[in-house]
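# Coordinate inspection notes
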Amino acid sequence: MAIEINGTTTEAAPRPGQCLRTFLREQGNFGVKKGCDGGDCGACTVHVDGTPVHSCIYPAVRAEGHSVTTIEGLSRGQELHPVQQQFLEHQGFQCGFCTAGMMMTAATFDEEQKANLPRNLKGNLCRCTGYRSIADAVCGVARAEHSTHDAGTGQLGDDVPAPAGRAVVTGTARYTLDVPAEQLPGLLHLKLLRSPHAHARIVSIDTTAALQVPGVVAVFTHADAPDRLFSTAQHELYTDDPDDTRVLDDVVRFIGQRVAAVVAESVGAAEAGARAIRVEYELLDAVFSPQDALLPGAPAIHGEKDGETARISRPQNNVVAEVHSELGNVETGFAAADFIHEDTYQTQRVQHVAMETHCSIAWVEPSGNPGEDRLVVRSSSQVPFLVRRTLARLFDLPEDRIRVVAGRVGGGFGGKQEVLTEDLVAMAALKLRRPVQVEFTRTEQFTAATTRHPFTIKVKAGTDSDGHLTAMQVDVVTNTGAYGNHAPGVMFHGCGESLAVYKCANKKVDAQAVYTNTVPAGAFRGYGLSQMIFAIESAMDELAVGIGMDPLDFRLRNMVRPGDHMLSTNPEPEEDVFYGSYGLDQCVVLVRDALDRGGQRYRAAGLDDLGPEWVTGVGSALSMIDTVPPRGHFAHTHLRLLPDGTFDAAVGTAEFGNGTTTVHAQLAATALSTTASNVAVRQSDTDLVEHDTGAFGSAGTVVAGQATLLAAQELAVRLRAFAAGILGADAGSCVLVEGAVESHGTRLTLAELSSRAEAAGIELASEGRWGGTPRSVAFNVHGFRVAVNTGTGELRILQSVQAADAGVVVNPRQCRGQVEGGIAQALGVALYEEVRVNDAGRVTTDILRQYHIPSFADVPRSEVYFAKTNDEMGPLGAKSMSESPFNPVAPALGNAIRNATGVRFTSLPIARDKIYLALKDAAATMQLV
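Computed from a predicted structure; not experimentally measured.

So, on to the overall build of the protein. Counting secondary structure elements, the protein contains 26 helices and 31 strands. The principal-axis extent of the C-alpha atoms belonging to the protein is close to 80 × 80 × 60 Å. By element, 49% of the accessible surface of the protein is carried by carbon and sulfur atoms, the whole surface being about 33100 Å². In the protein, 79 positive and 108 negative side-chain charges are present, and the distance between their average locations comes to 3 Å.

Take a look at the structure:
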């Protein structure tokens, strides 16, 4: 029997044991995605005889004799299925990797099922959106987004749809591995043998048996890898991170580290080859907590390295980086305090759980000239240009002989600001001269990619009775794991704006980033700020409570305002950070007013009294973030007029649900007096432009967007000048209008202008560049109303509200989506997400069903408000707004629980069992008293 796929019978037969997902992809149905291979995420959902199934756990042989429909077959020609149309109209996606599976599930819903989405969408996970836009799309609900600014012809302030929207909802958007087999003849697959030990020296590796496995082509070990240290972290200045990593090393420092790479004709053969390798290890002492790693005599994880050369602060003591500073005199400040709060706060490891796992393909592109062949890498990366630079350093290649391309990226959140796969496939492709592909499993993501840095933060803070801060002191230890990628930056950044947002004459910081024999940490949304803000904002509430002051009033009294220096560890403010605009005061008022309205609604509905075991409370927290990373963040845009009168914009920044593609089109359209639909954006390819630092640090709008705006403004000048010559008019009288240039009633279309320029041998094009400085600051304030059951520990979020100072909001729908997605991810971190590592250093939460990310039922609707500001430094007044919504959520929730129960939770996550036990202990203590 054969399988019918999207109305066509296929003659291909599944292999023994093959799942339906891989079979369908082999037939070219790339809309069927891999998110887990465990039936947990729903990204692979298809219909079998009209019933949705998770194809990753559905044996392909079971589909024989049945009709299978994938997202590619859901529509009828150009006519979209109603659910596809609704997802397109309501933009029920961001990165879009989960969207096909989400729609395949929703396409079968009747009205009763739509009325209970928490139950009926529980098998489909989204990491980007926060589910509000998905709910609106499934139910076809029209929710007008309210622009904070008037929309002009450039559509600034409009809800311009994502240019890739139709491709996303039809399953034709191409992510990293969505490449037809005929385009990569001879494709090989790479799998990794990983270390079973937390710390060991490799004595010998026997690959004989592996090479005898049918289909295995090569096995690479540390003997084949470049003998060069680098960092997997990617920054504009590679010296920001320690050189402590090899592509393949003869010393392993965590369970899950690469030991050998097997390349074979199939994934199955590569896996079998990896199992056949025999390794002899010399076990070394290991250390699993930063506190133990700092003790005298602790194993030195990178003790053999020269600290100055490798840029490691104290390798013999496991200290990657450190800062010790004091502004004013904290002893004097504490002596002047009427109330002092002192406690230790802890934040946990968190995984990014981007729905597309780390993956890449590399091949060698012949040039026809010996020695000039090019290495091409297609990667799921936020930083293609920095990947190119790292590969050039590793393999001694000129950068112009390397091309790195990122397709549409299925989520990032900082996790793809690393080189974790590209070096492996590059090495294999260069040696074998055949295309090589690697794709991490979900387990590899948890055990061998990167996590958020766990922080231990000792806080001591004092205030006088009038509510003025007198002293702030923090002692911070961060756990960077086995390698120091991003360790210095996360530590310094975490200790930056979290303290700088408050006026206080006396501040002291002691911070250390420490190696341990555990899975490495890395860049994660917020980049250290979310960890520190949890501690600082919890302390602010305790100070307010301690002197009997309203917590929001306490913040209003102490938060910085224009004219105040923003200081944390340096006595002088950052020389290029300014108040480009200031909306923090508006954000506080917006949240306070929303919480007051919510309280009135609950009282009017009689919901303020849930019963004798329930207590309610409100809490809030604020955050500040520099809008661009320090020490330079560069972007380049090339913009040109096309023969049909539309525009082509070539940019370097990547699209992974952050919405920058739409923003580039809107910014260019505004300067060119056209609409965003007339600007086609090409991106994420090192062949397109000179350089782009990358899509991290919320720089997509304020850096890359600024480069695009400058290019568009320059092109507008050139268009008017060229038209003036044709019309015999003064350039000052020429005005760009939709599709044309006008002067004194005479109209010259842009298509005619292009034709005249071509005839004259002139290209109507321009370049825009921006270096990321000067920088502004953005603000977010979050508030919660919660109810807690004192008998069971159950927590209910009754109201969630966030106010954001995003400057001029270029695209309100997209910006609101970034806020909602940040809130949802932060709620997971606050309540249940944790990468757990046992006493032997092994990650035990290594599949999605053991690691709980928010599902539809877990995420409340949040009210989102934007302050009305216009930033002097951002493009057309815009600020960044990708990372910052995440940062104040956990402390705001902790403060609300504290307000309701009187119990301060000092560690994350604040799980239900933790609430139950804490309330039980508090009750017992009260009885003893």
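We are not done yet, so read on.
Time to look at the sheet that holds strand β30 (residues 795–805). Strand order across the open sheet formed by four strands is β21-β29-β30-β31, with mixed pairing between neighbours. This sheet does not close on itself; its edge strands, each paired only once, are β21 (614–626) and β31 (862–866). Taking the axes of each pair of neighbouring strands and ignoring which way they run, one obtains an average angle of 15° across the sheet. With 13 bridges connecting them, β21 and strand β29 (residues 777–789) associate as antiparallel partners. What sits directly across from V618, in β29, is R785. Where helix α20 (residues 584–604) meets the sheet, it contacts β21, β29, β30 and β31, and its direction lies at approximately 150° from that of β30. Against the sheet, helix α25 (residues 889–901) engages β21, β29 and β30, with an angle of about 155° to β21.

This part takes up the pairing of strand β22 (residues 635–641). Taking burial as the measure, the seven residues of β22 include six buried ones, the bulk of the element. Here β22 runs beside strand β28 (residues 765–770); their pairing, made up of six bridges, is antiparallel. Along β28, the bridge assignment pairs L639 with S766. Across five bridges, β22 lies against strand β23 (residues 647–651) in antiparallel orientation. The residue bridging H638 from the neighbouring strand is A650, located in β23. Taken together, β22 and the strand that follows it, β23, pair antiparallel across an intervening segment of five residues, in which G645 is found at a positive phi of about 90°.

Attention shifts here to the pattern of salt bridges. Evaluation of the coordinates by the stated rule reveals 51 salt bridges. In the salt-bridge network here, residues are joined through shared partners; they are R132, D136, R816, E820 and R861.

Turning next to helix α6 (residues 132–139). By the criterion of burial, α6 is predominantly enclosed, with seven of the eight residues buried. After α6 finishes, the residue G140 shows a positive phi value of roughly 65°.

The next thing to look at is the sheet that holds strand β10 (residues 258–264). The strand order β8-β10-β6-β17-β14-β15-β16 describes an open sheet built from seven strands, whose pairing is mixed. Of all strands in the sheet, those bounded by a partner on one side alone are β8 (216–220) and β16 (402–405). Strand-to-strand twist in this sheet, taken as the mean axis angle between neighbours without regard to direction, amounts to 20°. Looking at chain direction, strand β15 (residues 374–379) and β16 are connected through four bridges and run parallel. The partner of R378 across the bridge, within β16, is V405. Along the sheet, helix α13 (residues 384–395) contacts β15 and β16; its crossing angle with β16, the most-contacted strand, is approximately 145°. Across the face of the sheet, helix α14 (residues 422–432) comes into contact with β6 (188–194), β8, β10, β14 (359–365), β15 and β17 (436–439) while running at roughly 25° to β14.

Taking 1.5 Å per residue as the helical rise, helix α21 (residues 660–671) with its twelve residues ought to reach 16 Å, and the 17 Å between its terminal C-alpha atoms agrees with that figure. In this structure, the buried side of α21 is in contact with β23, β24 (679–682), α22 (699–727), β25 (735–737) and α24 (812–831). Of the residues one or two after α21, S673 is the one with positive phi, at around 55°.

Once that is clear, we can look at the side chain of T693. Relative to the helices and strands, T693 resides in the loop between β24 and α22. Of the polar contacts made by the side chain of T693, one reaches the backbone nitrogen of F634; its length is 2.7 Å. Those residues in contact with T693 that sit more than four places away from it in its chain are E236, V383, L386, H633 and F634.

Now for unusual backbone geometry. With an omega dihedral of 5°, the bond running from T773 to P774 counts as a cis peptide bond. Among the structural elements, P774 can be located in the loop between β28 and β29. Omega for the peptide link from L908 to P909 comes to 0°, which places this bond in the cis form. Examined against the element boundaries, P909 turns out to sit in the loop between α25 and α26 (912–928). Of note, F413 is a non-glycine position whose phi angle comes to about 60°, a positive value. Along the chain, F413 falls in the loop between β16 and α14. A residue is classified by how much of its surface remains accessible, and F413, at 11% relative accessible area, is buried. The phi dihedral of S673 is positive, around 55°, even though this residue is not glycine.

Attention shifts here to the environment of L125. By the secondary structure assignment, L125 is in the loop between α5 (117–120) and α6. Judged by its relative accessible area of 8%, L125 falls in the buried class. Sequence separation between L125 and G35 is 90 residues, and the spatial gap between their C-alpha atoms is 9.3 Å. Apart from residues no more than four positions distant in its own chain, L125 is found in contact with D40, C41, C98, M102, Y131, M355, L848, I853, P854 and S855.

All right, on to the side chain of R258 then. Residue placement: R258 occurs in strand β10. Reaching out from R258, the side chain makes a polar contact with the backbone oxygen of V247 at a distance of 2.9 Å. A polar side-chain atom of R258 sits 2.6 Å from the main-chain carbonyl oxygen of L420. Leave out the neighbours within four places in its chain, and R258 touches L192, L193, R194, V247, L248, V252, V419, L420, T421, D423 and L424.

Now for the confidence of the model for the protein. Regions with low pLDDT carry predicted coordinates that are not meant to be interpreted in detail. The predicted model of the protein has a mean per-residue pLDDT of 96, with 98% of residues at 70 or higher. Of the regions scoring below 50 in pLDDT, residues 144–152 engages in 17 contacts with residues more than four places distant in sequence or in other chains.

Next up on the list: the packing of aromatic side chains. In total, this model carries eight aromatic pairs according to the counting rule given. Measuring from centroid to centroid gives 6.4 Å for F254 and Y483, while their planes differ by 80°, and the two rings are edge-to-face. Pair noted here: F254 is in the loop between β9 (251–252) and β10 and Y483 is in the loop between β19 (469–481) and α16 (487–494), with a separation of 229 residues, a long-range link. Neither F254 nor Y483 differs from the other in exposure class; each is buried. Geometrically, the ring pair formed by Y345 and F534 is edge-to-face, given 5.9 Å between the ring centres and 90° between the ring planes. Of this pair, Y345 sits in strand β13 (residues 339–347) while F534 sits in helix α18 (residues 529–546), and the two are 189 residues apart along the sequence. Across the pair, exposure class does not vary: Y345 and F534 are buried alike.

Conventions and cut-offs
Residues numbered from 1 in each chain as written. Predicted model: local features only at pLDDT ≥ 70, side-chain atom pairs only at ≥ 80, totals over all residues. Heavy atoms only, no water. Helix = DSSP H or I, 4+ residues; strand = E, 2+ residues; numbered from the N terminus. Areas by Shrake-Rupley, 256 points an atom, 1.4 Å probe, with all protein chains shown as cover. Lys, Arg positive; Asp, Glu negative; His and termini not counted. Charge placed at Lys NZ, Arg CZ, Asp CG, Glu CD. Pairing = 2+ DSSP bridges. Axes fitted to C-alpha atoms, helices over the stretch in contact; angles between N-to-C directions. Contact = heavy atoms within 4.5 Å. Buried < 20%, exposed > 50% of the residue type's maximum accessible area, 1.4 Å probe, protein only. Salt bridge = Lys/Arg side-chain N within 4 Å of Asp/Glu carboxyl O. Expected span 1.5 Å × (residues − 1). Polar contact = N/O pair within 3.5 Å; in protein donor to acceptor, adjacent residues only side chain to side chain. pLDDT = per-residue confidence, 0-100. Phe/Tyr/Trp six-rings, centres within 6.5 Å; stacked < 30°, edge-to-face > 60°.

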